[in-house]
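So the chains spell out like this:
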Amino acid sequence: MTDETPAPAKPAQPRNPLHGLTLEAIVKALADYYGWEQLGHLVPIRCFTFEPSVGSSLKFLRKTPWAREKVESLYLFMLREQRREQQQQQQPPQR
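If you're wondering where the values come from, they're calculated on a predicted model, not measured in any experiment.

Okay, helix α5 (residues 65-90) next. Here α5 is 26 residues long and its end C-alpha atoms lie 38 Å apart, about the 38 Å a rise of 1.5 Å per residue gives. Of all the residues in α5, the buried ones are Ala67, Val71, Leu74, Tyr75, Met78 and Leu79. Packed against the buried residues of α5 are α1 (23-34), α2 (36-42), α3 (46-49) and α4 (54-63).

Here the focus is the environment of Ala67. With respect to the element layout, Ala67 can be found in helix α5. Separated by 23 residues in the primary sequence, Ala67 and Pro44 have C-alpha atoms spaced 9.4 Å apart. Aside from chain neighbours lying at most four places away, what touches Ala67 is Ile45, Phe60 and Leu61.

With that settled, the discussion passes to α1. In a regular helix each residue adds 1.5 Å, so 12 residues correspond to 16 Å; α1 covers 16 Å between its end C-alpha atoms and thus fits that length. Among the residues of α1, Leu23, Ile26, Val27, Leu30, Ala31 and Tyr34 are the ones counted as buried. Looking down the long axis of α1, one finds its buried residues gathered within 130° of arc, a one-sided arrangement. Contacts from the buried residues of α1 go to α2, α4 and α5. With its phi angle positive at about 85°, Gly35 sits one or two positions after the end of α1.

Counting residues in each nonpolar core, the largest one holds 19 residues, and the members touching the most others are Leu30, Ile45, Phe48, Leu61, Val71 and Tyr75. Only α1, α3, α4 and α5 provide two or more residues apiece to this core. In terms of residues, this core owes the most to one element, α5, which gives 6 residues. The contacts of Val71, once residues within four sequence positions are left out, are Ile26, Leu30, Val43, Phe48 and Leu61.

Attention now moves to the packing of aromatic side chains. Considering all chains together, one arrives at 3 aromatic pairs under this definition. Aromatic pair Tyr33 and Tyr34: ring centres 4.8 Å apart, planes at 90°, arrangement edge-to-face. On the basis of relative accessible area, Tyr34 is assigned to the buried category, the value being 16%. Ring plane angle 45° and centroid distance 5.9 Å describe the contact between Trp36 and Phe48, whose orientation is recorded as tilted. Taken as a pair, Trp36 in helix α2 and Phe48 in helix α3 lie far apart in primary sequence, 12 residues in all. Classification of Trp36 as partly exposed rests on a relative accessible area of 23%. For Phe48, a relative accessible area of 2% gives the class buried.

Basis of the calculations
Residues numbered from 1 in each chain as written. Predicted model: local features only at pLDDT ≥ 70, side-chain atom pairs only at ≥ 80, totals over all residues. Heavy atoms only, no water. Helix = DSSP H or I, 4+ residues; strand = E, 2+ residues; numbered from the N terminus. Expected span 1.5 Å × (residues − 1). Buried < 20%, exposed > 50% of the residue type's maximum accessible area, 1.4 Å probe, protein only. Contact = heavy atoms within 4.5 Å. Arc of directions from axis to C-beta. Core = buried A, V, L, I, M, F, W, Y, C linked by side-chain atoms within 4.5 Å. Phe/Tyr/Trp six-rings, centres within 6.5 Å; stacked < 30°, edge-to-face > 60°.

Shown next as structure tokens:
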């Protein structure tokens, strides 16, 4: 007889904007929004400044927790910036 109890379900993270995103998706979104040159100025790491590519960035960021934290923070900042831009576009001009 085996006494198997199911593992507790992981709690959903509805308020975490990074939940369910891959590091690759984050890097691609940042590169599309800022461009590699600007990204290299905002997060000055070699994989963004010297022959940047998604592959080399992922390789480095997966091994380097402090750099990954900076990239994730920049991604969250980018999301806030995009939200602000959308809100400003939706507001009617003031007279």
